[in-house]
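# Structural overview for review
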Amino acid sequence: MPFGSEPREHGIALALSGGGFRAALFHIGVLWRLNEMGALKQLARISSVSGGSITAGLLAVRWDRLIFGSDDVATNFQHEVVAPLRSFCSLNIDVSSIFTGVLNPFHTAGEEVADELRKHLAMGVSLQTLPDTPRFVFNSTNFATGTGFRFSKPYAGDYRIGLIPNPDFDVATAVTCSSAFPPVLSPFVIDIADPDIFTQTIGADLWDQVDYRRRLQLADGGVYDNLALETVWGRYDTVLVSDAGKPFELDASISSFVPNQILRVMDIGLNQALALRKRMLMHEYKSHSVKGAFWAINTPIQNYKTPQVICVSDQKIQALSALRTRLDRFNEQEQCELINWGYAVSDAAIRAYAPQVATVTTAATLPFAGYPLN
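Read on for an overview of the structure. Predicted, not measured: the structure shown is a model, and the values here were computed from it. (Residues numbered from 1 in each chain as written. Predicted model: local features only at pLDDT ≥ 70, side-chain atom pairs only at ≥ 80, totals over all residues. Heavy atoms only, no water.)

Glancing now at the packing of aromatic side chains. Applying the stated criterion to the full structure yields 8 aromatic pairs. A ring pair is formed by phenylalanine 21 and phenylalanine 330, whose centres lie 6.5 Å apart and whose planes are at 70 degrees; its orientation type is edge-to-face. Residue phenylalanine 21 is found in helix H1 (residues 20-36), and its partner phenylalanine 330 is found in the loop between helix H10 (314-321) and helix H11 (332-353); the two are separated by 309 residues along the sequence. Its relative accessible area of 0% is what places phenylalanine 21 among the buried residues. (Phe/Tyr/Trp six-rings, centres within 6.5 Å; stacked < 30°, edge-to-face > 60°. Helix = DSSP H or I, 4+ residues; strand = E, 2+ residues; numbered from the N terminus. Buried < 20%, exposed > 50% of the residue type's maximum accessible area, 1.4 Å probe, protein only.)

Put into structure tokens, the structure is as follows:
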């Protein structure tokens, strides 16, 4: 069946890309503006990878604590979601995790990241405790099968090995698998005591090879789909996509040194896969098969022809899109500017291309006025 030909569910889906703490902070600005618009509560699904999964995981475990008013705006969003995320992004998670993993052969760097998520963001709760709506989907990559492996409340698995119904993994495990960037934090290995907890699904061509179900070797979901699009773009009639991933770096002086060439080939391959997904998404928007909006961390805000766009200079956009994508400490200025930028560009994109998702009309005002972006 051709892409996009299936009937879509009525609802709004949000896809959050990878990009380490940079993405986590950028996306929290997006969620901040969606909340002000009354759109956060309307979301049917939130699909995420890598740094986006850190933000989504925190929102997931705090969802039942949000107090939504009659206008569908959560009055305690900043306290329950923004503050703890900012505190977490002030830590050096990747360095300490790698260091611990090297010293302790029985506790990998990925497991250390999961422990930090449990300790600081209370993600030690089961996927079964998450809300049914919105549906949170944490995407990772299965190294063994070369496909996306998804964690959600109804199931976990991939289409080649089958699904685990009602999985009891904790949220920290799902988020860590989704953000386990190779080679330092991956693979995150999950040993399955009883591989028969998987159910066979149509197309599961590796079902008969039990080793694929007995030992899962998972890595950053961005390796397979850095926009977290696959679980949303053919399912809902409105799709919002927030891309805080690393822009492709142009380089006129590529070295002939073999390792550099290999890394460049990998970057080109990943960039082309990303570009293909973007083109397919834009085709769906332009053909009106799906409604929605796309914005990226390096999008010139002037591209969105809508009144009262927040002023953001090209120099500031370039600087923010060049920030590192690690899980290390982001200072006050970096945090506030990234949150402001996610807030500003999502506001412009939604008002330009998907104004119907906003049920509350409020003027956009930067969350941190002391850190202007012009």
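Taken as a whole and assessed by the stated rule, the structure comprises 1 cavity of 30 Å³ or more. Of the volumes computed, that of the largest cavity is approximately 70 Å³. What lines the largest cavity is simply Asn139, Ser140, Gly148, Phe149, Arg150, Gly221, Tyr224, Asp225 and Glu230. At the level of elements, strand S3 (135-142), strand S4 (147-151) and helix H8 (222-225) are the ones that each hand at least two residues to the lining of the largest cavity. (1 Å grid on protein atoms, 1.4 Å probe; cavity = no way out; pocket = protein on both sides within 12 Å on 5 of 7 lines; lining within 4 Å. Points joined across faces, edges and corners; volume = space filled by probe spheres on them.)

Core analysis: the largest hydrophobic core is formed by 96 residues, its most contacted members being Leu59, Phe77, Phe138, Phe151, Trp295 and Trp341. Those residues in contact with leucine 59, other than ones at most four positions away along the chain, are Leu31, Leu40, Ile46, Leu66, Phe77, Val81 and Phe136. Counting residues in hydrophobic clusters, the runner-up holds 18 residues, among them Val49, Leu229, Val239 and Phe294. (Core = buried A, V, L, I, M, F, W, Y, C linked by side-chain atoms within 4.5 Å. Contact = heavy atoms within 4.5 Å.)

With respect to the helices and strands, leucine 281 occurs in helix H9 (residues 258-286). Residue classification places leucine 281 among the buried residues on the basis of a relative accessible area of 1%. Taking the C-alpha atoms as reference points, leucine 281 and leucine 31, separated by 250 residues in sequence, lie 21 Å from one another. Leucine 281 has contacts with Leu229, Trp233, Val241 and Phe294, leaving out every residue within four places of it along the chain.

This next bit is on helix H3 (residues 77-88). Look at H3: 16 Å from first C-alpha to last across 12 residues, which is about the 16 Å you get at 1.5 Å a residue. Three or more residues of H3 are buried, namely Phe77, Glu80, Val81, Val82, Pro84, Leu85, Arg86 and Phe88. (Expected span 1.5 Å × (residues − 1).)

With that out of the way, let us pick up unusual backbone geometry. Each neighbour pair has its own omega, and for threonine 133 with proline 134 the value is 0 degrees, a cis peptide bond. Along the chain, the position of proline 134 falls in the loop between helix H5 (109-121) and S3. One non-glycine residue, aspartate 72, lies in the positive phi region at around 65 degrees. Residue position: aspartate 72 is located in the loop between helix H2 (50-62) and H3. Aspartate 72 sits in the partly exposed class, given a relative accessible area of 25%. Here the phi dihedral of histidine 288 falls at roughly 65 degrees; this positive angle occurs in a residue that is not glycine. Along the polypeptide, histidine 288 turns up in the loop between H9 and strand S10 (291-296).

Looking at where phenylalanine 188 falls in the secondary structure, it is placed in strand S7 (residues 188-191). Beyond its immediate chain neighbours, meaning those up to four positions away, phenylalanine 188 contacts Gly110, Glu111, Thr173, Thr176, Cys177, Leu216, Gln217 and Leu218.

Take serine 178: it is sitting in helix H6 (residues 171-179). Beyond its immediate stretch of four places on either side in the chain, serine 178 contacts Ser48, Val49, Ser50, Ser53, Asn139, Ser140, Asp220 and Gly221.

The subject of this paragraph is the pattern of salt bridges. Here the structure, examined in full by the defined rule, presents 25 salt bridges. Note that arginine 62 is salt-bridged to glutamate 80, the shortest N-O span being 3.0 Å. With arginine 62 in helix H2 and glutamate 80 in helix H3, this pair connects stretches of sequence that are 18 residues apart. Taking the relative accessible area as the measure of exposure, glutamate 80 reaches 7% and is therefore buried. Aspartate 211 serves as the salt-bridge partner of arginine 214, at 2.9 Å between the closest nitrogen and oxygen. Of this pair, arginine 214 and aspartate 211 both sit in helix H7 (residues 211-214), 3 residues apart, which is roughly one turn of the helix. On the accessibility criterion, aspartate 211 (54% relative accessible area) is exposed. One network of salt bridges, in which partners are shared, links Arg33, Glu36, Asp347 and Arg351. (Salt bridge = Lys/Arg side-chain N within 4 Å of Asp/Glu carboxyl O.)

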